[in-house]
Structures are given as structure tokens and as C-alpha cells.
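What follows is each chain in one-letter form.
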Amino acid sequence: TSATRHITSRQQHTTSLQTTSLQSTYSPVFDFTLTNTTIKQKSASSFERIDDAIMGGISTSSLRDVPDQNYASWSGVCRTDGGGFCGMRTLPFKDAPLNATDQDGVYLDCMLVSDDDADRRMWKMTLRTDSSRGEQVFQAQFDLQKAMDEAKIRGDDTWARVLVPFDSFQLVRGPRLIVDSDPLDVSGGIYQIGMTMSKFKI
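Chains are numbered independently. Their residues run from 1 in the order of the written sequence. Totals for whole chains, interfaces and linings use all residues, but because this is a predicted model, local features are given only for residues with pLDDT of at least 70 and pairs of side-chain atoms are given and counted only at 80 or more. As a rule here, side-chain values come from all non-hydrogen atoms in the structure, and water together with hydrogens is ignored.

Caption draft 1: How the structure looks around the overall build of the protein chain. Where helices and strands are cited, they refer to DSSP runs of H or I of at least four residues and of E of at least two residues respectively, numbered from the N terminus. Scanning the protein chain for helices and strands turns up two helices and 14 strands. Looking at the protein chain residue by residue over its 202 residues, the buried ones come to 45%. Residue contacts follow a heavy-atom distance rule, with two residues in contact if any of their heavy atoms lie within 4.5 Å. Once local pairs closer than 6 in sequence are excluded, the contacts in the protein chain between residues at least 24 apart make up 68%. Surface accessibility in these figures is a Shrake-Rupley result with a 1.4 Å probe; residues are shielded only by whichever protein chains are displayed. Here the protein chain displays about 10500 Å² of accessible surface, and carbon together with sulfur accounts for 48% of that area. Under the scheme applied here, a residue whose accessible area is under 20% of the maximum for its type counts as buried, over 50% as exposed, and between as partly exposed, the area being computed with a 1.4 Å probe on protein chains only.

Caption draft 2: Quick peek at the sheet that holds strand β4 (residues 47-49). Strand order across the open sheet formed by seven strands is β4-β7-β14-β9-β10-β12-β13, with antiparallel pairing between neighbours. The outermost strands of the open sheet, each flanked by one partner alone, are β4 and β13 (176-177). A pair of strands is considered paired only if DSSP assigns at least 2 bridges between the two. In the sheet, strand β10 (residues 136-142) pairs with strand β12 (residues 170-173) via four bridges, with the strands oriented antiparallel. By the bridge assignment for β12, Q136 is matched with R173.

Caption draft 3: The environment of R176, seen in detail. Structurally, the position occupied by R176 is in strand β13. By relative accessible area, R176 is classed as exposed at 61%. Distance in space between the C-alpha atoms of R176 and Q136 is 9.5 Å, their sequence separation being 40 residues.

Caption draft 4: A look at the pattern of salt bridges. By salt bridge we mean one thing: a side-chain nitrogen of Lys or Arg within 4 Å of a carboxyl oxygen of Asp or Glu. With the rule as written, the count across this model stands at six salt bridges. The shortest N-O distance in the salt bridge between R133 and E48 comes to 2.8 Å. On the criterion of sequence distance, the pair formed by R133 in the loop between β9 (122-128) and β10 and E48 in strand β4 is long-range, its members being 85 residues apart. Taking the relative accessible area as the measure of exposure, R133 reaches 40% and is therefore partly exposed. On the basis of relative accessibility, which here comes to 21%, the residue E48 falls in the partly exposed class. Each of the salt bridges in this network shares a partner with another, and the network as a whole consists of E48, R89 and R133.

Caption draft 5: Region of the structure containing unusual backbone geometry. In this structure, D102 is a non-glycine residue whose phi angle is positive, near 65°. Looking at where D102 falls in the secondary structure, it is placed in the loop between β7 (85-90) and β8 (105-112). Positive phi values are uncommon outside glycine, yet D180 reaches one of about 60°. Counting through the fold element by element, D180 comes out in the loop between β13 and β14 (192-198). D180 sits in the exposed class, given a relative accessible area of 75%.

Dropping the structure here:
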């Protein structure tokens, strides 16, 4: 079980990250804080589950809004026999892709509440740069345990901030890396954002 503030920001959002030589600027895309309850509910309803049931597995998960709390909750059961992953992703962006011009990556403010051993699983962020719905996407593995440890050093034992640079994403098809593929190019926008907990390394 994990609690998510932002899929990308400290106020619990998912956000894009812009860096300069002097500072980093965080711009939330999905905000699960109580700053605006309408935006909070809309953010939670913007995601759908994508668990290993699509390949015959029996894992299940869901992202849900938690009323009166400063976060949303992503929880479920991951069965390693069978598919071995749980995930969530945004529904297709209806109006236009997310403009990532001059941004360096995405960030996630989150908290693992089921245990303190994030290293038992593989955590991945997923981006799609076209309007297709196929299994070929860009994916980056991130170190949630390191982010949790850094939060404790800062004196924040609750929320870990995960930073995932765009240049860390690689093209995959399912759990398999597509060798010698072009690097991630977000100049045309981002069409989908997702996150996966898995037994598979990239």
C-alpha cells in the first residue's frame, strides 16, 4: 500500500520538473492535497488500473481518493506467480498532450505504508509520447528506498520525493527493453503517465 500526494509534487501531485544551475522548480500535474477538493477528486479519477490480469495474472490494485486527507491511496495485492505486477496509468489526455517543454523529468511525492522495505519490489514510471494504446512505452526504474532514506535524513519521515529525469527513460515492450531504440523525446508532448510495481527489472 502506498499513499500518493502528487504524482509529481510535494503537495502530492504528479508533476514535471524543471532544473537550472541554481534551483529546481516543481509544477504539479495531479494534485491529491486538500488545496482544492475538486482538483483532488478529478486527479484521482484520471487514472485507471493496469495490472497483470491483462496477461493472465491475478494481481489487483486501485488508486482512490481519500476524503479529508492530504493524499490519494494506491493499494492492492501483487501476486508473483503469473504476471507479477500492479500498475496505474492516466486515461488518455482528451484535450491535448501534456506540454513538457523546458522540463527535465517528472517527480512523485509518496509514502510506503505497508512496510519499510521498498527494495523488495521494482518501481517504475511510464510515459507515452503518442496517442496509441499499445504495450510499447518509455519506462524508467526509480529507487524508492533511496528516496525514503533521503527523506529521513531531511527529518521528513513521511513523504519521499522521487525524481525521475527524462533521460533515464528507455523504450520497452511489456517487461522487455527494446535495444538500440531512440531516446525519449517529449517535444511533441506527453500523452500518458503511469506507474508500476513489478518483479521485473528493465
